[in-house]
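Remarks on the overall topology
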Amino acid sequence: MNQLNKEYLNLLLKSGVHTFQNDSPINFCNIHKKNENEREIDQKKGLDKIKSINELLLTLESYNNPLKTTANKLVFYDGNIKSKIMFIGEAPGKEEDESGKPFVGKAGQLLNKMLEAINLNRNEIYITNVIPWRPPNNRTPSEKEIIEFLPFLQKQIEIIKPKYMFLLGATAAKAILSTPLSLSKLRGKWHNYKSINMTNTINVLASYHPAYLLRSPQFKKEAWVDLKMLREQLNNEN
Ligand code: URA
């Protein structure tokens, strides 16, 4: 520090100035945001040590998030934790929020039919969502919510270790394949997924969400092609 600056500092200290003002006013909203981020990080700290789906369920149950305050029930998973096939949807709807189980409403009934068409049933697959609490008024989950819950989804994948994943709709495709590409570009081909904690690569298909197929049945043809790709792969294994 040069002599002039030192003298100036001494002068300020002698005149009672102990802190310097910022160039711009403190934004108290940002301070609040930082605390919110810290809250998220704190709550996820123990995630690394989790080894089972039950432990993950307990962690989620004690996790605090704004969606939890508007939803009725936590919706975690359904099906078989030993399955090599994992289906991933978006977020619970009204019926799922009331029952605590994924895909039990109209979209779930269509999903059951889609599974039946390729000789699968719910006891042979593991099924979950990107977001475990229902967003208010069934709105699409925000990017922030997708990113917030991604570590929980990744942990589920690491525990279940599926060989195949079938992504239902754009939210699941965005979360797992980290791409802004539309489903029409992503569907119909195999993708790979691997996280740093995994040794094996998972084969992934993305297709239309059953709720979308209920609104736009003209896309059922393509969904059928995608389901058959999964069936063929399973047949080739045996
Ligand atoms: N839609 C989803 O994405 N998940 C459900 O569990 C129900 C409807």
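Below is a short write-up of the structure. What you are looking at is a predicted structure, and each value in this text was computed from that prediction instead of being measured.

Some words on the site of the ligand
Close contacts around the ligand come from Gly89, Glu90, Ala91, Glu96, Pro102, Phe103, Asn129 and His209, and that covers them all. One of the side-chain nitrogen or oxygen atoms of Asn129 is found 2.8 Å away from a nitrogen atom of the ligand. Tallied by class, residues from the shell around the ligand come to three nonpolar, three polar and two charged.

Concerning the pattern of salt bridges
Counted according to the given criterion, the structure contains 10 salt bridges. The shortest N-O distance in the salt bridge between Glu98 and Lys94 comes to 3.1 Å. You can see Glu98 and its partner Lys94 sitting in helix 5 (residues 94–99), four residues apart, about one turn around the helix. Residue classification places Glu98 among the partly exposed positions, given a relative accessible area of 44%. Exposure remark for Lys94: the relative accessible area of 45% places this residue in the partly exposed category. Three or more residues joined by partner-sharing salt bridges are found here, namely Asp78, Lys101 and Arg122.

Things to note about helix 3 (residues 53–61)
Taken residue by residue, helix 3 has Ile53, Leu56, Thr59 and Leu60 as its buried positions. Taken end-on, helix 3 shows its buried residues confined to a sector of 115°, consistent with a single buried face. Across helix 3 from its buried face, at more than 90 degrees, point the exposed residues Asn54 and Leu58.

Here we look at the sheet that holds strand 6 (residues 202–207)
Spatial strand order, 1-3-2-4-6-5: six strands in an open sheet with mixed pairing. The open sheet has two edge strands, strand 1 (77–79) and strand 5 (191–193), and neither has a second partner. Going across the sheet, the axis of each strand differs from the next one's by a mean of 25°, ignoring polarity. As paired elements, strand 2 (residues 85–89) and strand 3 (residues 126–129) share four bridges and run parallel to each other.

Overview of the nonpolar core
With 61 residues, the main nonpolar core has Phe87, Ile88, Ile157, Met165, Leu167, Ile176 and Leu230 as its most contacted residues. Sorting elements by how many residues they give to this core places helix 7 (residues 143–160) first, with eight residues. The contact partners of Ile176, leaving out residues within four places of it in the chain, are Ile88, Leu153, Ile157, Met165, Leu167 and Tyr193.

Focus: unusual backbone geometry
Phi is positive for Lys161, which is not a glycine, with a value near 50°. Looking at the secondary structure, you find Lys161 in the loop between helix 7 and strand 4 (164–168). Taking relative accessible area as the criterion, Lys161 reaches 64% and is therefore assigned exposed. Its identity as a non-glycine residue notwithstanding, Ser178 has a phi of 45°, on the positive side. Note that Ser178 resides in the loop between helix 8 (170–177) and helix 9 (183–186).

Points about the environment of Lys174
Mapped onto the elements, Lys174 comes out in helix 8. Of the residues examined, Lys174 reaches a relative accessible area of 35% and is grouped as partly exposed. Linking Lys174 and Ile146, residues 28 residues apart in sequence, is a C-alpha distance of 8.6 Å. Beyond its immediate stretch of four places on either side in the chain, Lys174 contacts Glu143, Ile146 and Thr179.

Rules used in this analysis
Residues numbered from 1 in each chain as written. Predicted model: local features only at pLDDT ≥ 70, side-chain atom pairs only at ≥ 80, totals over all residues. Heavy atoms only, no water. Near = heavy atom within 4 Å. Polar contact = N/O pair within 3.5 Å; in protein donor to acceptor, adjacent residues only side chain to side chain. Nonpolar A, V, L, I, M, F, W, Y, C, P; charged D, E, K, R; others polar. Salt bridge = Lys/Arg side-chain N within 4 Å of Asp/Glu carboxyl O. Helix = DSSP H or I, 4+ residues; strand = E, 2+ residues; numbered from the N terminus. Buried < 20%, exposed > 50% of the residue type's maximum accessible area, 1.4 Å probe, protein only. Arc of directions from axis to C-beta. Pairing = 2+ DSSP bridges. Axes fitted to C-alpha atoms, helices over the stretch in contact; angles between N-to-C directions. Core = buried A, V, L, I, M, F, W, Y, C linked by side-chain atoms within 4.5 Å. Contact = heavy atoms within 4.5 Å.

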